[in-house]
Amino acid sequence: MSAYRIPFNKPCLAGNEFRYIAEAIEQGQISGDGGFTQKCHALLEQQLHVHKALLTTSCTHALEMAALLLDIQPGDEVVVPSFTFVSTINAFVLRDARPVFIDIRPDTLNLDETQLERLITPHTKAIVPVHYAGVGCEMDVILDVAGRYGVAVVEDNAHGLFGKYKGKYLGTFGCLATQSFHETKNVTCGEGGALLINDPQYIERAEIIREKGTNRSRFFRGQVDKYTWVDLGSSYLPSDMLAAFLYAQLEAREQIQARRQRVWEYYYEHLQDWAKDHDVRLPIVPAHCEQPYHMFYLLMLSLEQRQALIAHLKARGILSVFHYLPLHLSAMGQQFGGKEGDCPVTEDISDRLLRLPFYNGLTEADQSCVVAAIIELDG
Ligand SMILES: Cc1ncc(COP(=O)(O)O)c(C=O)c1O
């Protein structure tokens, strides 16, 4: 049981999870790449129009696969927003890449594409845009710069499943993209992820890397008569029981997305006036972006005001949370030369951002308590 009356996140069932897990067990295969994994792959490929989707044990692992697929070598540079989760860059640093931190735009909190070109060097191997809160980065500009310099684009789409940029699904722009099905995401199986492959040249090697560096997938398709060690790799495929849980959620994606839209719009409508009166900024979604309603955040005026609101809500049994600390100022980031002032927007936003409780089963009654508690903060 959560210590909070209204937690920040709560696992929510879509309906068929237990039935599908039982079916996976009855079918006699609960290791990876069973029937439900195949169903998840097919659903993601058809819905998103990607060449190949491969379930992974996490988005972190999908990013590690991307770093292996791009053959990242010591000294290669990878451009990444400082305002993101560690995995976005750790996956590449594991291959001895050097992170190059880019600041974010103050409106969408996505990487500031106008700063991209000046950060590209002959060593740049990849750009990893993160679609913060599922609102698309300026992919036209990012792809143009990447194309001109021959740099790969890997979208970290942990937040953005079913979001769109100019009518096209997020996760379909880079040669590779990664998804998260961690319990805080719209669609979940507790811990899980996916690698989306938009450039077919990576498909065969991705299957090998995901299967411990062996050609086991080709063996099961009858393409080779025994399987063996052929490349680098690890164990990146989830149990079919997790895929069964995930498939139940993916099948219910329309209901889940509609539910989350209502949650997001409730906050927006009921906090709009208060925000205006208190100089608090609500999320900005440009007209050419369709967001997947992943999160709702407030940008407070100061760190002190943000901390005061977190404490105020906590005293009323409501858990609100801050988000990423600037990566360039982390212990690891500083080892790579990161210092204060490198990414001023990130440093400022990180202090002031607060995320409100947001999950599929959040009721309007609970949301009205959250809103009332916020409004009562200073009378
Ligand atoms: C932008 C981003 N990328 C990657 C991850 C890692 O996801 P996972 O927990 O599935 O490894 C997260 C975690 O929430 C994230 O916010």
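Just above sits the structure.
Keep in mind that what you see is a predicted model, and the values were worked out from it rather than measured. (Residues numbered from 1 in each chain as written. Predicted model: local features only at pLDDT ≥ 70, side-chain atom pairs only at ≥ 80, totals over all residues. Heavy atoms only, no water.)

Participant: Please explain the pairing of strand S3 (residues 98-102) as it appears in this structure.
Facilitator: Along a regular strand, successive side chains alternate from one face of the sheet to the other. Taken across its five residues, S3 has four buried, putting it largely inside the fold. Across five bridges, the pairing between strand S2 (residues 77-81) and S3 is parallel. Along S3, the bridge assignment pairs glutamate 77 with arginine 98. Regarding topology, helix H4 (residues 87-93) serves as the crossover connection from S2 to the parallel S3, and that connection is right-handed. (Buried < 20%, exposed > 50% of the residue type's maximum accessible area, 1.4 Å probe, protein only. Helix = DSSP H or I, 4+ residues; strand = E, 2+ residues; numbered from the N terminus. Pairing = 2+ DSSP bridges. Right-handed = clockwise from strand over helix to strand, strands pointing away.)

Participant: What is the right way to look at the pairing of strand S1 (residues 52-56) in this model?
Facilitator: Across the five residues that make up S1, a large majority, five, are buried. Here S1 shows no split at all, with Lys52, Leu54 and Thr56 on one side and Ala53 and Leu55 on the other all buried. Bridge count between S1 and strand S9 (residues 193-197): five bridges; the pairing is antiparallel. Looking at S9, one finds that alanine 53 is bridged to leucine 196.

Participant: Sorry, what's going on with the pattern of salt bridges here?
Facilitator: As a working rule, side chains carrying opposite charge can pair if their charged atoms are close by. Taken as a whole, this structure holds 18 salt bridges when the rule is applied. The partner of glutamate 211 in a salt bridge is arginine 216, and the shortest N-O contact between them spans 3.0 Å. Arginine 316 is paired through a salt bridge with glutamate 376; the nearest N and O atoms lie 2.5 Å apart. Taken together, the residues arginine 316 in the loop between helix H11 (303-315) and helix H12 (331-335) and glutamate 376 in helix H14 (residues 364-376) connect sequence positions 60 residues apart. One salt-bridge network, held together by shared partners, links Arg105, Asp107 and Glu113. (Salt bridge = Lys/Arg side-chain N within 4 Å of Asp/Glu carboxyl O.)

Participant: Honestly, the side chain of arginine 352 in this entry has me stumped. Any pointers?
Facilitator: Position of arginine 352 relative to the elements: it lies in helix H13 (residues 344-352). By relative accessible area, which is 17% here, arginine 352 ends up buried. Of note is the side chain of arginine 352, whose polar atom sits 2.7 Å from the backbone oxygen of methionine 300. A distance of 2.8 Å separates a polar atom in the side chain of arginine 352 from a polar atom in the side chain of aspartate 348. If sequence neighbours within four positions are ignored, arginine 352 has contacts with Leu298, Leu299, Met300, Leu301, Ser302, Leu303 and Arg306. (Polar contact = N/O pair within 3.5 Å; in protein donor to acceptor, adjacent residues only side chain to side chain. Contact = heavy atoms within 4.5 Å.)

Participant: Looking at this model, I keep getting lost on helix H6 (residues 139-149). Mind explaining?
Facilitator: Since there are 3.6 residues in each turn of an α-helix, residues three or four apart along the chain are aligned in direction. Buried within H6 we find Met139, Ile142, Val145 and Ala146. Viewed end-on, H6 has its buried residues packed into an arc of 135 degrees, placing them on one side of the element. Residues of H6 that are buried make contact with helix H5 (116-119), strand S4 (124-127), strand S5 (152-156) and strand S6 (164-165). In the stretch just after H6, glycine 150 is the one whose phi turns positive, near 65 degrees. (Arc of directions from axis to C-beta.)

Participant: It is not clear to me how the sheet that holds strand S10 (residues 289-290) should be interpreted in this structure. Could you clarify?
Facilitator: Two strands in a sheet stick together by hydrogen bonds in their backbones, pointing the same way (parallel) or opposite ways (antiparallel). Read from one edge of the open sheet, three strands run S7-S6-S10, paired in antiparallel fashion. Each edge of the open sheet is held by one strand with a lone partner, namely strand S7 (168-169) and S10. Bridge count for S6 against S10 is two bridges, and the pairing is antiparallel. Residue pairing across strands places tyrosine 165 opposite cysteine 289, the latter belonging to S10.

This is a description of form; function is not addressed.
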